[in-house]
Amino acid sequence: LHFGYAIEAACRDGFTRYDFLGGRGKHSDYKARFGGERTGLATWQVIRSPVLKAMYAAFDRVSRRVQDGH
């Protein structure tokens, strides 16, 4: 349902592409095997609580290190 609303909003805003393959898979980058064109992907988080903001930032740092193999 969420994807449906997101696609409707994208069409309404004039987008001509909607990429379902953004991001990595849980255990491997299986989406790369589909051979699609690589594009940039940006994620934004808006968090008002300073404590939650710090927790999300720490989680993101740890997640990136794990994905990069560190």
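Provided above is the structure to which this section pertains.
Keep in mind that what you see is a predicted model, and the values were worked out from it rather than measured.

### As for the overall build of the protein chain
So, point 1. Across its full length, the protein chain carries 2 helices and 0 strands.
So, point 2. For the protein chain, with 70 residues in total, the buried portion stands at 4%.
So, point 3. Here the protein chain has roughly 7,000 Å² of accessible surface; of this, 58% comes from carbon and sulfur atoms.

### A closer look at helix 2 (residues 50-67)
So, point 1. The end-to-end C-alpha separation of helix 2 is 26 Å, in line with the 26 Å expected for 18 residues at 1.5 Å each.
So, point 2. The buried fraction of helix 2 amounts to 0 of the 18 residues, a small share that puts the element mostly on the outside.
So, point 3. Looking at the residues trailing helix 2, positive phi occurs at G69, about 85 degrees.

### Things to note about a nonpolar patch on the surface
So, point 1. On the surface, a nonpolar cluster with roughly 410 Å² of combined accessible area is contributed by V51, L52, M55 and Y56.
So, point 2. Take L52: it is sitting in helix 2.
So, point 3. Judged by relative accessible area, L52 falls into the partly exposed class, the value being 41%.

What counts, and at which threshold
- Residues numbered from 1 in each chain as written.
- Predicted model: local features only at pLDDT ≥ 70, side-chain atom pairs only at ≥ 80, totals over all residues.
- Heavy atoms only, no water.
- Helix = DSSP H or I, 4+ residues; strand = E, 2+ residues; numbered from the N terminus.
- Buried < 20%, exposed > 50% of the residue type's maximum accessible area, 1.4 Å probe, protein only.
- Areas by Shrake-Rupley, 256 points an atom, 1.4 Å probe, with all protein chains shown as cover.
- Expected span 1.5 Å × (residues − 1).
- Patch = residues over 30% accessible without salt bridge, like charges linked within 9 Å, V, L, I, M, F, W, Y side chains within 5 Å.
- Salt bridge = Lys/Arg side-chain N within 4 Å of Asp/Glu carboxyl O.

These figures capture arrangement, not role.
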